[in-house]
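# Chain and residue survey
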Amino acid sequence: MKDYLDLDPRVAEEPRELRTEVMTLNVGPQHPSTHGVLRVVVTLSGEEVLDLVPHIGYLHTGFEKNMEFRTYTQVITYTPRMDYLHSFAHDLAYALAVERLVGAVVPPRAETIRILLNELSRLASHLVFLGTGLLDLGALTPFFYAFREREAILDLFEWVTGQRFHHNYIRIGGVKEDLPEEFVPELKKLLEVLPHRIDEYEALFAESPIFHERARGVGVIPPEVAIHLGLTGGSLRASGVNYDVRKAYPYGGYETYQFDVPLGEHGDVFDRMIVRIREMRESVKIIRQALERLEPGPVRDPNPQITPPPRHLLETSMEAVIYHFKHYTEGFHPPKGEVYVPTESARGELGYYIVSDGGSMPYRVKVRAPSFVNLQSLPYACKGEQVPDMVAIIASLDPVMGDVDR
Amino acid sequence: MNYPLDPYWVVALKALLVVIGLLTAFAFMTLIERRLLARFQIRLGPNRVGPSGLLQPVADAIKSIFKEDLVVEKADRVLFVLAPLIGVVFALLAFGAIPFGPPGSFFGYQPWVLNLDLGLLYLFAVSEMAIYGIFLAGWASGSKYSLLGSLRSSASLISYELGLGIALLAPVLLVGSLNLQDIVNWQKENGWLFLYAFPAFLVYAIAALAEAARTPFDLPEAEQELVGGYHTEYSSIKWALFQMTEYIHFITASALIPTLFLGGWTMPFLEVPYLWMFLKIAFFLFLFIWIRATWFRLRYDQLLRFGWGFLFPVALVWFLITALVVALGLPRSYLLYLSALSFLVLLAGLFYSPKPVRKGGGA
């Protein structure tokens, strides 16, 4: 009998122990909370994230390459399409880089308008961040509240630029045209309600015990690691590192504005949320100051090499016709060289690295996109957390996939 | 207490009425919830189909019936089809035991479908069976998201179920019967049960919210995390059946809380048989929708901690106190005072607890 048992391998087998297996879960690119088309492949043990690999490229559109075949002015059509939430930051970063390259002088009114619109755009972006971030934590209502204010801001943009998203408004050496008359009163109306609304939103989550449960101590990125991973923007400041390009390397007139840089301490989801909410208050401050400085004046660099002549001159001046023709067929020629101007977008340090070979189109454009770099910290922040935390962490890093893939 | 039995054809008729009524209520609850959520969220909600959107449920029903009914390749076909049916059937079964008025108020017959002496146990058994629908759906889908969703639902089941069950023991001890009619009648004579068992009422209301898988306990289907949770792979009418299950649970829970703790169909003044019951149900439905519009979702380990660490002990302590009072034959007013005290403690906790603030400055 014993021999018989020994012969059968199934019987001789050890009694089966309870086994556990890790599970590989593919999240995205089509998933309700990947903020676009981010795909992450997570290795799970139960609901605990053991490993996480972000896969990008689903929104790759070749903007950078396309820019090599457009004149410096035409490139502005592409820039807002990358970070479609804070599109003015991209316009501004690009314009600043080219202006440094060609030595354009931006008139003070244009500078003020740019900062005004940039901060408004930052507000709109943070509102989306807030709404979608809280939505990912299971709260439905803040999303609609945040989008109400964003809608008002987008309406203002539509008024100024004719577009809600892809403004195409900033030009090398200034802005396309002056603000419409109704803009300032409408903006003032918005500024009256906005601070209260921001307080409301903060109360909505910062005073909710469930939010504290969900967000505190989740996805902690210590300052050293954050710096090591190249994290910038609100996500870096949430870790307590005081780095805001607007303060560290002021650009476009930011050095003349009074505002604080809100800092976090713990570097978790909670701090990343709260830092951005406080940044919104600072943006309101900056907008108020900018409104006070809005003196009448020209909004474009008068240099005819950079700015095409106004339309009405074409009927009287032959020179204007020539410049007009040159601008719209060829564009201007910056000197040979390369340039990089860091700016602070709603997501972090944003800069255009432009190489010019002296032609009318850039030889190479490389965008230092904050979303892309910030996404590097995702695996670090998610390891050891749970699936719902992973969703919260993705939201708190605030990636815009257009900005990641370009 | 013995109640006269109805003839079988009346029982059958009433059963049919409950099923039809619940299905209609489900359809309109979807509309009401969407409209109410829209109100909370400064939008209008569905208002295009029919007068102020009243025909929206019909449009939804037509749409979900005529959509393509997919069965995923990896799915276990039998269970995949069976799971939504299990869910709906058991969800429907629970409602029949709930009394809506005094005996004989339904055209001379009884205002309930069946009157069981084991009423509460029956309700329990039936509503817990409905979890099988969710669990099997997740298992049979052959999808990882569904599996995670169904695991969550079983994990949350064991966490809130203990609190739920033990919270109900307090009224059962006081009344001395599991029969729902007896419980309501007792409340009519002695005052509503939540006066005697406020902590149990609270625990039961919270656990009922979890049982109906509503925010903040809607983990099994957490859209932002698990796409759709257990019903990720379901489409067409099978998906609609899951919605049906969920809403019927929701309605049953809203009907059970008043029946057990708030006097059921009774009211100290102005007694109209059906009116108060419907108003009480409507109140809880509204409350749950309100909660959904306000709160965040808990993580499932937090739900476990909450279930085991708060609901269970509170329910247990109150059960022991009630047991002591009943066993020693002490006057019931002791419970009344203790219950009021616990209410005051809760109020004080709500008003005087500091807002959650992070220590150590910074953000």
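Nothing here was measured: the structure is a model prediction, and the numbers come from that model.

Once that is clear, we can look at the side chain of Glu344 of chain A. Relative to the assigned elements, Glu344 of chain A resides in strand 6 (residues 337-345). The contact partners of Glu344 of chain A, leaving out residues within four places of it in the chain, are His86, Arg122, Gly233, Arg237, Asp244, Val245, Arg246 and Tyr251 of chain A.

Glancing now at the nonpolar core. Formed by 201 residues in total, the largest nonpolar core has its most connected members in Leu120, Leu187, Phe205, Tyr352, Ile354 and Leu378 of chain A together with Tyr204 of chain B. Discounting residues that sit within four places of it in the chain, Leu378 of chain A has contacts with Leu38, Val40, Leu52, Pro54, Ile393, Ile394 and Leu397 of chain A. By size, the runner-up hydrophobic cluster in this structure holds eleven residues, among which are Phe80, Ala137, Ala140 and Phe242 of chain B.

Moving on, we get to unusual backbone geometry. Although it is not a glycine, Asn168 of chain A adopts a positive phi angle of roughly 55°. Along the chain, Asn168 of chain A falls in the loop between helix 6 (141-161) and strand 4 (170-171). The phi dihedral of Ile42 of chain B is positive, around 45°, even though this residue is not glycine. Position of Ile42 of chain B relative to the elements: it lies in the loop between helix 1 (8-40) and helix 2 (56-66).

Attention now moves to the interface of chain A and chain B. Taken together, the contact between chain A and chain B spans 51 residues of the former and 36 residues of the latter. Together, the buried faces of chain A and chain B total about 3,600 Å²; carbon and sulfur atoms form 58% of this surface. When residues of chain A are sorted by the area they lose upon contact with chain B, Glu47, Leu140 and Ile210 of chain A head the list and together hold 16% of the total. Our count for the chain A to chain B interface comes out at ten residue pairs in polar contact (both at pLDDT 80 or more). At the level of secondary structure, the elements contributing two or more residues to the side of chain A that touches chain B comprise strand 1 (23-27), helix 5 (108-136), helix 6, helix 7 (183-206), helix 8 (209-215), helix 12 (269-292) and helix 16 (387-397) of chain A.

Before going further, it helps to examine the pairing of strand 1 of chain A. All names here are of chain A. A one-sided burial pattern is seen for strand 1, the buried positions being Met23, Leu25 and Val27 and the unburied ones Thr24 and Asn26. Where strand 1 meets strand 2 (residues 39-45), five bridges bridge the pair, whose relative direction is antiparallel. Its bridge partner lying in strand 2, Leu25 is registered against Val42.

Looking now at the sheet that holds strand 1 of chain A. Within the open sheet, the three strands sit side by side as 1-2-3 (chain A). Their pairing is antiparallel. Looking at which strands have only one partner, the edges of the open sheet turn out to be strand 1 and strand 3 (48-55) of chain A. On average, each strand axis in the sheet is inclined to that of its neighbour by 20°, with strand direction left out of account. Its contacts with the sheet place helix 16 of chain A against strand 1, strand 2 and strand 3 of chain A, and it is angled at close to 150° to strand 2 of chain A. Lying on the sheet, helix 5 (residues 144-175) of chain B is in contact with strand 1 and strand 2 of chain A; it crosses strand 1 of chain A at an angle near 110°.

In this section: the packing of helix 10 (residues 236-261) of chain B against helix 11 (residues 275-294) of chain B. Residues and elements named next belong to chain B. Close contact between helix 10 and helix 11 brings their axes to 8 Å; oriented N to C, the two are set at 125°. Considered as vectors, helix 10 and helix 11 are oriented oblique to each other. Of the two elements, helix 10 crosses helix 11, and the hand of that crossing is right-handed. Counted together, Tyr247, Phe250, Ile251, Ser254, Ala255, Ile257, Pro258 and Thr259 of helix 10 and Met277, Lys280, Ile281, Phe284, Leu285, Phe288, Ile289 and Arg292 of helix 11 form the full contact between these two elements. Looking at side-chain class alone, the contact of helix 10 with helix 11 contains twelve nonpolar, two polar and two charged residues.

A word on helix 6 (residues 180-190) of chain B. All names here are of chain B. Across the eleven residues that make up helix 6, a large majority, eight, are buried. Within helix 6, burial applies to Leu180, Gln181, Asp182, Ile183, Val184, Asn185, Trp186 and Gln187. Taken together, the buried residues of helix 6 touch helix 4 (119-140), helix 5, helix 7 (193-196) and helix 10. Sitting at the amino-terminal end of helix 6 is Asn179, which places a side-chain oxygen 2.8 Å from the backbone nitrogen of Gln181.

Definitions and limits used
Residues numbered from 1 in each chain as written. Chains lettered and ligands numbered in written order. Predicted model: local features only at pLDDT ≥ 70, side-chain atom pairs only at ≥ 80, totals over all residues. Heavy atoms only, no water. Helix = DSSP H or I, 4+ residues; strand = E, 2+ residues; numbered from the N terminus. Contact = heavy atoms within 4.5 Å. Core = buried A, V, L, I, M, F, W, Y, C linked by side-chain atoms within 4.5 Å. Buried < 20%, exposed > 50% of the residue type's maximum accessible area, 1.4 Å probe, protein only. Buried area = accessible area lost by both parts, 1.4 Å probe. Polar contact = N/O pair within 3.5 Å; in protein donor to acceptor, adjacent residues only side chain to side chain. Pairing = 2+ DSSP bridges. Axes fitted to C-alpha atoms, helices over the stretch in contact; angles between N-to-C directions. Parallel < 35°, antiparallel > 145°, perpendicular 65-115°, else oblique. Left-handed = near helix turned anticlockwise from the far one by under 90°. Nonpolar A, V, L, I, M, F, W, Y, C, P; charged D, E, K, R; others polar.

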